[in-house]
Amino acid sequence: MFKTIGVLAHVDAGKTTFSEQLLYHTNSIKELGRVDHKDAFLDNHIIERERGITVFAEQGRIIDGEDIYTIIDTPGHVDFSPEMERAIQVLDYAIVIVSAADGVEGHTETVWQLLRKYHVPTFIFINKIDREGADVDKVIEEMQQELSPNILSITHQLSTHSISEQLLDFIVERDDELLEKYMEQDLNRHQVLKKFRQLIQDGEIFPCAEGSALKGIGIMEFFEQITILTETNFNDEQPFTAKVFKIRHDDKKQRITFMKAITGKLKVREELHFGELSEKVTEIRLYNGHKYGVVKEIQAGEVFAVTGITKATIGDVIGEIATNNKQVFELVPTLQSKVVNEGTEHIKDVLANFMLLDAEDPSLHVIWNEKFQEIHIHVMGIIQIEVLMEVVKERFGLQVHFENPQILYMETIDHTVMGYGHFEPLKHYAEVHLKMEPTKRGVGIVFENKCHADDLSIGHQRLIEQHIFEKEHHGVLTGFPITDIKFTLVTGRAHIKHTEGGDFREATYRAIRQGLEQTENSLLEPYYSFKMKASSELVGRMMTDIQQAFGEFETPILLESKAIIKGRVPVSTFMNYSTTFAAYTNGKGALSLTYSGYDTCHNSKEIIENIKYNKDADSEYTSSSIFCAKGKGYVVPWDEAEAAMHCGK
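Residues numbered from 1 in each chain as written. Predicted model: local features only at pLDDT ≥ 70, side-chain atom pairs only at ≥ 80, totals over all residues. Heavy atoms only, no water.

**Some remarks on empty space enclosed by the protein**
Taken as a whole and assessed by the stated rule, the structure comprises one cavity of 30 Å³ or more. There is about 70 Å³ of room inside the largest cavity. As for the largest cavity, its lining consists of Val-104, Glu-105, Gly-106, Glu-109, Glu-146, Lys-531, Met-532, Lys-533, Ala-590, Leu-591 and Ser-592. Put simply, the parts of the chain that give the lining of the largest cavity at least two residues each are helix H4 (106–117), strand E28 (521–535) and strand E32 (590–600). (1 Å grid on protein atoms, 1.4 Å probe; cavity = no way out; pocket = protein on both sides within 12 Å on 5 of 7 lines; lining within 4 Å. Points joined across faces, edges and corners; volume = space filled by probe spheres on them. Helix = DSSP H or I, 4+ residues; strand = E, 2+ residues; numbered from the N terminus.)

Next up, the structure:
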């Protein structure tokens, strides 16, 4: 039975140490490393060892009888949380590490919310019980209040041979049939464990244990409980499908694609299908840290890597029956920074290396500005920028720095409008009519097709849809991407002789831009959802700071000597607030910031004036259409385009 388990936590809670102990005591590694000694097995990158933090999600393998476990150690620092979220996509179970000394911290809540969103059955290990000030009972109470009331301690209550009366009562109370058998003394261990496993699988119970990862206390007892309480059921008989969750490149820039087999089997030299593409697998690898073994075949449930696959991207579901609907990730960067090359390398060579990083971390969203010969990237924060500087120097020998990161804004429309685009220079022809409607915040770009095949072939209709989604389209206020718009293809026209490749791209882009020109547009900015906890004496200060940051908050919750405030605030006004908060709470407060999507910008006018975007000088976009008369093309401006269109005439 294959089981994939992720280890997740707030930074410094001890998850890498926990993973190290687990691998060591299950004989998966021969020597026990330590983060502070810079020799932890799963922190195998030099940058991770020097900084003492996990940057990349790495896996180890545990073989326990007939069960094979893949343990994925994920980053705990918020700047590398997209890497953590990508790993969550392939987990069968998760272990959340919580420090007995620090309790529920900011990123702990982010991790918990993600696991609930993706419906990952979750265990909890309270670590550092040997630390001064550790209070396990208090931490369990805090977790039950702030994470879930269904967190249940199983320490000393479950083993291979026994179930405590307390745990037995807890389980049978949740099933009438079991309760009846219990009362009749007709209940066996198998029935109880089956029910317990189901409760965990359904997210109704979150088992919790305790120990010290550094001293190896409670680790193997907890693992024994996990072996009892986890099960997976993968189908080898169905056609092969797998999910891509990680991409790496070796020293020769060969791409290594990591995936989790969902169904079926895969052999070396077989072809993998994704979308309309297919490529042949040249090698199958099973990784344990940075080391790997080569195998000829894998089956459903296994986490593995392949070579030979160069076009699949993170989030792809590949295989014979894969639909290839990409996962939309929740943790996305809200900052953008310009790459400045300090060396003599040509900027296009620098770009090529950054595109490798972009394949490995799609949240970087590397952008090339041809006009200004500039590279821009999206980032989560300053620590990520510092690490990236070290990565490009160590891997590619490049000396770069990054300009101060700027907020990533977006734009949307306020009213429904029709966008018209026509592209007809000599021997070219395409016309597109798009209805554009504002949608709810966070929906993104949506497409609907209402074009009749009598007006435009199915192939051309699909081309238009492809061109809408193939890139982020610039808004007219600042040039930042548009979002939260539903595009409906109403009609279009092609020419049997003159329509060529790229014509519908031109017409589609012009239709989008022409629609934006006609309607009111709004600037959007990213927001945080926040949770602040500090002494009740400071509640006035907290509320004042939130108001001054243009945030909003719910009625404060007062608990004995503590006050909790939850709300929403712009990233731009709160991104550096954690330092201020730590200062006036003397480090005793807790601040949790979670990306909460985009909403109306609190200072739109100021931002638009500062950016000084010239919509008429954007080389990638024009709102005008091109028509042809007497063998010559001529330009029709956006405000005259509708009257000049051919469809409907």
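**Here we look at helix H10 (residues 347–360)**
The end-to-end C-alpha distance of H10, which contains 14 residues, comes to 20 Å, matching closely the 20 Å that a straight helix rising 1.5 Å per residue would cover. The buried fraction of H10 is high, at 10 of 14 residues. Of the residues making up H10, those classed as buried are Ile-347, Val-350, Leu-351, Asn-353, Phe-354, Leu-356, Leu-357, Asp-358, Ala-359 and Glu-360. (Expected span 1.5 Å × (residues − 1). Buried < 20%, exposed > 50% of the residue type's maximum accessible area, 1.4 Å probe, protein only.)

**Some words on the environment of Gln-144**
Tracing the chain through its elements places Gln-144 in helix H5 (residues 136–146). Accessibility expressed as a relative area gives 31% for Gln-144, which makes it partly exposed. Taking the C-alpha atoms as reference, Gln-144 lies 45 Å from His-473; in sequence the two are 329 residues apart. When near neighbours in sequence (up to four residues on either side) are disregarded, Gln-144 contacts Pro-149 and Ile-151. (Contact = heavy atoms within 4.5 Å.)

**Digging into unusual backbone geometry**
The backbone phi angle of Phe-550 is positive, close to 65 degrees, even though this residue is not glycine. Secondary-structure assignment places Phe-550 in the loop between helix H14 (539–548) and strand E29 (552–553). At Lys-612, a position not held by glycine, the phi torsion is positive, near 55 degrees. Within the secondary structure layout, Lys-612 lies in the loop between helix H17 (604–611) and strand E33 (625–629).

**With respect to the nonpolar core**
By size, the foremost hydrophobic cluster in this structure holds 55 residues, and its most contacted members are Phe-354, Ile-377, Met-532 and Met-542. Leave out the neighbours within four places in its chain, and Met-542 touches Met-532, Ala-534, Ala-563, Ile-565, Phe-581 and Tyr-584. (Core = buried A, V, L, I, M, F, W, Y, C linked by side-chain atoms within 4.5 Å.)

**Describing the packing of helix H6 (residues 165–172) against helix H7 (residues 176–183)**
Where H6 meets H7, the axes come as close as 8 Å, and the angle between the chain directions of the two elements is 130 degrees. When the axes of H6 and H7 are compared, the pair comes out oblique. Residues Glu-165, Leu-168, Asp-169, Ile-171 and Val-172 of H6 touch H7, and the partners they reach there are Leu-178, Leu-179 and Tyr-182. Class assignment of the residues belonging to the contact of H6 with H7 gives a composition of six nonpolar, no polar and two charged. (Axes fitted to C-alpha atoms, helices over the stretch in contact; angles between N-to-C directions. Parallel < 35°, antiparallel > 145°, perpendicular 65-115°, else oblique. Nonpolar A, V, L, I, M, F, W, Y, C, P; charged D, E, K, R; others polar.)

**Examining the confidence of the model for the protein**
The predicted coordinates of low-pLDDT regions are not to be read in fine detail. Chain-level statistics for the protein give a pLDDT mean of 90 and a share of 98% at 70 or above. Between the elements of the protein, mean pLDDT differs from a low of 74, seen in helix H2 (residues 46–51), to a high of 98, seen in strand E23 (residues 410–413). (pLDDT = per-residue confidence, 0-100.)

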